[in-house]
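# Per-entry structural report
Residues per chain, in single letters:
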Amino acid sequence: MEVISGKWKVVILWALTQQHRRFGELKRAIPDVSEKVLIQHLRELEADGIVHRETYDVTPMRVEYSLTPQGVALNEALKPLGAWGREHLPIQV
């Protein structure tokens, strides 16, 4: 549970489910998260082996984030929780 603690970590995992994303793409995909918190959560998820950070040696520096095999497995484990939420929680507009 500590790995996914934090308001935005599960949202970050969902955002990385379909494709690798650059930081700016993640920020646009999750507009309510502050830049500081997004950076902090990405670093924590990377340290926990859930997210992989790939740095490309180009100018300007390019960084992409993706799920590791552990991150993919964690997302699979969270799918039933997401299904439960869609079924039981009110839709927020």
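Everything here concerns the structure above.
In this report, we go over the structure that sits alongside the text.

The rules we used
Residues numbered from 1 in each chain as written. Predicted model: local features only at pLDDT ≥ 70, side-chain atom pairs only at ≥ 80, totals over all residues. Heavy atoms only, no water. Pairing = 2+ DSSP bridges. Helix = DSSP H or I, 4+ residues; strand = E, 2+ residues; numbered from the N terminus. Buried < 20%, exposed > 50% of the residue type's maximum accessible area, 1.4 Å probe, protein only. Core = buried A, V, L, I, M, F, W, Y, C linked by side-chain atoms within 4.5 Å. Contact = heavy atoms within 4.5 Å. Salt bridge = Lys/Arg side-chain N within 4 Å of Asp/Glu carboxyl O.

### Overview of the sheet that holds strand E1 (residues 21–22)
- Strand order in the open sheet formed by three strands is E1-E3-E2, with antiparallel pairing between adjacent strands. Here the strands that pair on one side only, and so sit at the sheet edges, are E1 and strand E2 (51–56).
- Pairing geometry for E2 and strand E3 (residues 62–67), over six bridges, is antiparallel. What sits directly across from Tyr-56, in E3, is Arg-62.

### Notes on the pairing of E3
- The element E3 is extensively covered by neighbouring structure, given that five of its six residues are classed as buried.
- Across two bridges, E1 lies against E3 in antiparallel orientation. Each residue of the ladder has a partner; that of Arg-21, found in E3, is Tyr-65.
- Linkage of E2 to E3, two consecutive antiparallel strands, is achieved through a turn of five residues.

### Some remarks on the nonpolar core
- The biggest cluster of nonpolar side chains holds 19 residues, and the ones touching the most others in it are Ile-12, Leu-13, Leu-16, Leu-26, Leu-42, Val-51 and Tyr-65.
- Listing elements by their share of this core, those giving two or more residues are helix H1 (9–15), helix H3 (35–47), E3 and helix H4 (69–88).
- What Leu-26 contacts, discounting residues up to four positions off in sequence, is Ala-15, Leu-16, Arg-21, Leu-38, Leu-42 and Tyr-65.

### A look at the pattern of salt bridges
- A complete count under the given rule lists three salt bridges for this structure.
- Here Arg-62 makes a salt bridge to Glu-64, at a shortest N to O gap of 2.7 Å.
- Take Arg-62: its relative accessible area is 30%, and that puts it in the partly exposed class.
- Using a relative accessible area of 14% as the deciding quantity, one classes Glu-64 as buried.
- With its nearest N and O atoms 3.0 Å apart, the salt bridge here joins Glu-76 to Lys-79. With Glu-76 and Lys-79 both in helix H4 and three residues apart, the pair spans about one turn of that helix.
- For Lys-79, a relative accessible area of 41% gives the class partly exposed.

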